[in-house]
Amino acid sequence: MIYLTMRNRFFSGCLFIALLSSKMALAASLSASPWSGQKMIKLEYNEKPLAYSQVINTTFLDSSLAQNTWMQIALTNSRFLNTRLSGTQASKSELSDLVFENSDLSGFKCTLCTFINTTFKNSNLDGAHFLAGSFKNTHFVDSNLSRVDFVSTRFENCSVDSKTAKTVHPAMLIKWKLPVKEQP
């Protein structure tokens, strides 16, 4: 009887490892989005959640991706101009070489996300929430960071300009280690 119990535990452990490995393989294989390389003008996207997608070289102009869900997506070398992302939730996503300009990200929620070489210019991040994420070479220019939440989030070589700094309590800038610098 003890042998069977140990054998069943061994079998259960092997099954768990196999399931975990298949999940990791699925997460590692991102599929190219049909949006890649496109200029999306006045796109209203509130369909199914974006999951395991890779969006590259895309411009979103006067578009809305509000109230959407992004799960393990990669956005690379893309621009969001006059675009609404308010209420969108992202998880385990990598966003690199992006520009958010004149865009609304109020209420944006991002868990375990990475932002690399990203600029937020004249964008509204009021009430946005970033949990356990990281920002590298990211700059906030003429943007609204009031009521933004950076919880367990790391910043590396990031900054805010003086206009953006006025939307945040000075103690928070110190806590987040975000220096005030004027952008060229």
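Residues numbered from 1 in each chain as written. Predicted model: local features only at pLDDT ≥ 70, side-chain atom pairs only at ≥ 80, totals over all residues. Heavy atoms only, no water.

1. Considerations on the environment of threonine 69
Tracing the backbone through its elements, the reader meets threonine 69 in strand β6 (residues 69-71). As for threonine 69 and alanine 51, which are separated by 18 residues in sequence, their C-alpha atoms are 8.0 Å apart. (Helix = DSSP H or I, 4+ residues; strand = E, 2+ residues; numbered from the N terminus.)

2. Things to note about the confidence of the model for the protein
Per-residue pLDDT for the protein averages 80, and the proportion of residues at 70 or more is 72%. In this model, residues 1-28 is a region of pLDDT below 50 whose contacts with residues beyond four sequence positions or in other chains number 3 contacts. (pLDDT = per-residue confidence, 0-100. Contact = heavy atoms within 4.5 Å.)

3. Regarding the side chain of serine 123
Within the secondary structure, serine 123 is located in the loop between β12 (119-121) and β13 (129-131). With residues near it in sequence (within four places) discarded, serine 123 still touches Phe100, Glu101, Asn102, Ser103, Leu105, Asp142, Ser143 and Asn144.

4. Side note on the state of the cysteines
Taken as a whole and judged by the stated rule, the model has 1 disulfide. Across a sulfur-sulfur distance of 2.2 Å, cysteine 110 and cysteine 113 are joined as a disulfide pair. Negative torsions about the S-S bond denote left-handed disulfides, and the value of about -105 degrees found for cysteine 110 with cysteine 113 makes this one left-handed. Accessibility classification places cysteine 110 together with cysteine 113 in one group, the buried group. (Disulfide = S-S within 2.5 Å. Buried < 20%, exposed > 50% of the residue type's maximum accessible area, 1.4 Å probe, protein only.)

5. As for unusual backbone geometry
In this structure, asparagine 82 takes a positive phi of about 50 degrees despite not being glycine. Note that asparagine 82 resides in the loop between β7 (74-81) and β8 (89-91). The exposure class assigned to asparagine 82 is partly exposed, which follows from its relative accessible area of 38%. One non-glycine residue with positive phi stands out, namely lysine 177, at about 60 degrees.

6. Here we look at the pattern of salt bridges
Applying the stated criterion to the full structure yields 2 salt bridges. Put simply, arginine 147 and aspartate 126 hold a salt bridge, and the shortest N to O gap is 2.9 Å. Pair noted here: arginine 147 is in the loop between β15 (139-141) and β16 (149-151) and aspartate 126 is in the loop between β12 and β13, with a separation of 21 residues, a long-range link. For arginine 147, a relative accessible area of 64% translates into the label exposed. Lysine 163 is the partner of aspartate 142 in a salt bridge, and the nearest nitrogen-oxygen pair spans 3.3 Å. On the criterion of sequence distance, the pair formed by aspartate 142 in the loop between β15 and β16 and lysine 163 in helix α2 (residues 162-165) is long-range, its members being 21 residues apart. The exposure class assigned to lysine 163 is exposed, which follows from its relative accessible area of 51%. (Salt bridge = Lys/Arg side-chain N within 4 Å of Asp/Glu carboxyl O.)

7. So, the nonpolar core
In this structure, Phe108, Phe115, Phe130 and Phe135 are the most contacted members of the largest nonpolar core, which totals 34 residues. Elements that contribute at least two residues to this core include exactly β7, β9 (94-101) and α3 (170-176). The element that contributes the greatest number of residues to this core is β9, accounting for 3 residues. Beyond its immediate chain neighbours, meaning those up to four positions away, phenylalanine 135 contacts Phe115, Phe120, Phe130, Phe140, Phe150, Thr153, Arg154, Phe155, Glu156 and Cys158. (Core = buried A, V, L, I, M, F, W, Y, C linked by side-chain atoms within 4.5 Å.)

8. Here's the deal with the environment of alanine 132
Position of alanine 132 relative to the elements: it lies in the loop between β13 and β14 (134-136). With a relative accessible area of 33%, alanine 132 lands in the partly exposed category. Distance in space between the C-alpha atoms of alanine 132 and arginine 154 is 7.7 Å, their sequence separation being 22 residues. Excluding its chain neighbours within four sequence positions, the residues that come into contact with alanine 132 are Leu112, Val151, Ser152 and Thr153.

9. Thoughts on the pairing of β9
Taken together, the 7 bridges between β7 and β9 define a ladder with parallel strand orientation. For arginine 79, the partnering residue across the bridge sits in β9 and is valine 99. Where β9 lies against strand β11 (residues 114-116), 3 bridges are found, and the strand directions are parallel. Bridge pairing in β11 places serine 96 opposite isoleucine 116. Of the pairings in the sheet, the one linking β9 to β12 comprises 3 bridges and is parallel in character. Within the sheet, the bridge partner assigned to valine 99 lies in β12 and is threonine 119. (Pairing = 2+ DSSP bridges.)

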